Amino acid sequence: MTLEYTNAEDLPEIVADLRKTFSKNLTKPIAYRKQQLKQLYSLIEENEELIFDAVAKDFRKPRTEAWIGETALLKADIIEFFNKLDEWTKPQIVETSIAYKFNKCYIAKEPIGTVLIIGTWNYPVLLALAPFVGAVAAGCTAICKPSEVATHSAKLLGELFPKYLDHNAYRIVQAGPEGTVKLLEQKFDHIFYTGSTVVGKKIMEAAVKNLTPVTLELGGKSPAIVANDANILLAAKRIIWGKIYNCGQTCIAPDYIICEKSVQTALLESIPKVLEEFLGDDIKQSKDYARIVNHRHFDRLQKMLLSSKGKLSIGGDSDRNDFYIAPTVLADVPKDDSLMQEEIFGPILPIVVVDSIDEAIEFVNNREIPLALYPFTSSKKLAKHILDNTQSGGACVNDCILHFAIPTLPFGGKGNSGMGNYHGKKSFDTFTHERSTLETPYYVERLLGSRYPPYTNSKVWF
Ligand code: NAD
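Keep in mind that what you see is a predicted model, and the values were worked out from it rather than measured. (Residues numbered from 1 in each chain as written. Predicted model: local features only at pLDDT ≥ 70, side-chain atom pairs only at ≥ 80, totals over all residues.)

Visitor: Before we go on, may I ask you to explain the overall build of the chain in this structure?
Guide: For the chain, the count of helices and strands is 15 helices and 18 strands. Taken against the 2.2 N^0.38 rule, which gives 23 Å for 462 residues, the C-alpha radius of gyration of the chain at 25 Å falls within 12% of a compact globule. Contacts spanning at least 24 positions in sequence make up 70% of the contacts within the chain whose residues lie at least 6 apart. (Helix = DSSP H or I, 4+ residues; strand = E, 2+ residues; numbered from the N terminus. Rg over C-alpha atoms; globule rule 2.2 N^0.38 Å. Contact = placed C-beta atoms within 7 Å.)

This is the structure:
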């Protein structure tokens, strides 16, 4: 299926229309925001089957994974935003010194303006709409640009938006890389981007021209550090779940395991059992295992795999016509291997062997800061040691991925894995300008009048 792109010549007018709506304060009333949030909820609720169908067509995303990873989190988010909106939008009165006792000082929560949200293909509905919920709640007008790679999902969002949401305030723009570059020539008040680090840098470059603030939700190689005191079977289960979920095409999937030799041996014994328990003995036939999104990504993964010097230990089979790559584990992967350069973003799991946890820490610290980090150990002290001596966007101890699902945990990267964060209240904050405001009543003139020249001794208190 081909996706019909928005005509680039129409972009200035679309942005101008949204700016006009914003400048008339139409999206600002809380009642309006709540009504649009309700509409957004209905868009998802009433079209859940169509969404499941679209993501299945895009890369055979299993229905349960689509429910968890595309719609359920979103719906929960919208309910939370709806319920908390009155509280979040209230001006925040701040304390002042005695000199300003009669002034009113507060932080007003203003919508930031007209914003651009650029989504990616691996969770094509969630990652386009989750930031969008924040933009609506904050009172912004917004363009949402879904990834053209997940064609069916992008098309569906384009069809549903005008049916449910205020067309004067919210638009879907369909564009590939070229069209997105054109879109970025327009002036926005915030750009929220999810995708690769390489493109993230281009987004920031484009934003600089208008000094537009950006949130960059990027990727990276998220390590699972497995200590020799870890419950190996549980570690294998949780790491493998993180790696096969969405066929490894998750920004916070455990990218590689780093552990001692004895731990690698134990993991290689456990992982086949876990895979069989999860996906049966014929993984290709499992309805619970997604596919690689397209041939470009399939070829990229195959190239990485074929040039690896690691020992192919589990899986390895693939079928280009079916976009299928089996969950694949490579042991004794050299530290400078082809699999250890870029984020893998697929169901291939290299294991790097080290002599100690401190060597693993050093290895992680010598690379770009990952989006997530996963220590597996039975010792709280060791987990703390690992966390205290590494950096990452987020972390789970003895688990993978789940921190993404907690709305009270801000989600985002650090360094090359991203900038800014969102989820829950943080999404609202991302699209909100905190306008520091001071009100001075006329009657305090006698008290504050000493600020005016001439600065005679009688006015100086110090
Ligand atoms: P993609 O190809 O869907 O690109 C992402 C977006 O960037 C799309 O909307 C696309 O149209 C746009 N784009 C592509 N090239 C562009 C260009 N030259 N100029 C302007 N816009 C352009 O997705 P991808 O980049 O393959 O995404 C995979 C990456 O995203 C992985 O690194 C993954 O870790 C990361 N990711 C991060 C998160 C997160 O929340 N941090 C979530 C999902 C994916």
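Visitor: Explain helix 1 (residues 11-23) here, please?
Guide: What sets the pattern is the α-helix's 3.6 residues per turn: residues three or four places apart point alike. For helix 1, spanning 13 residues, the distance from its first C-alpha to its last is 18 Å, which sits close to the expected 18 Å at 1.5 Å a residue. Turning to helix 1, its buried residues are Val 15, Leu 18 and Phe 22. Down the axis, helix 1 shows its buried residues gathered within 60° of arc, on one side only. Away from its buried face by more than 90 degrees, helix 1 exposes Glu 13, Ala 16 and Ser 23. On its buried side, helix 1 packs onto strand 3 (114-118), strand 4 (141-145) and strand 5 (170-172). Asn 25 sits one or two residues past helix 1 and shows a positive phi near 65°. (Expected span 1.5 Å × (residues − 1). Buried ≥ 20, exposed ≤ 12 C-beta atoms within 10 Å, placed from the backbone. Arc of directions from axis to C-beta.)

Visitor: For this particular structure, what's the right way to read the UniProt feature "active site" (unreviewed entry) in the chain?
Guide: Per the UniProt annotation, the sites labelled "active site" (unreviewed entry) are Glu 217 and Cys 251. The named residues occupy 35 residues along the chain; their greatest pairwise C-alpha distance, 9.1 Å, places them in one compact cluster. Structurally, the position occupied by Glu 217 is in strand 7 (residues 214-217). Here Glu 217 falls in the buried class, since 27 other C-beta atoms lie within 10 Å of it. Residue contacts for Glu 217: discarding those within four places in its chain leaves Tyr 193, Thr 194, Gly 412, Gly 413 and Gly 418. The residue Cys 251 is located in the loop between helix 9 (232-244) and strand 9 (256-259) in this model. Among the residues examined, Cys 251 registers 29 C-beta atoms within 10 Å and is labelled buried. The contacts of Cys 251, once residues within four sequence positions are left out, are Gly 219 and Leu 371. (UniProt positions renumbered as here; feature names shortened; annotations may be inferred.)

Visitor: How do you make sense of the site of the ligand when you look at a structure like this?
Guide: The ligand sits among 28 residues. The nearest are Ser 147, Gly 195, Ser 196, Gly 219 and Cys 251. Of all the secondary structure elements, the ones that give two or more residues to the shell around the ligand are helix 7 (177-183) and helix 8 (197-208). Per-class residue counts for the shell around the ligand are 11 nonpolar, 12 polar and 5 charged. (Near = placed C-beta within 6 Å. Nonpolar A, V, L, I, M, F, W, Y, C, P; charged D, E, K, R; others polar.)

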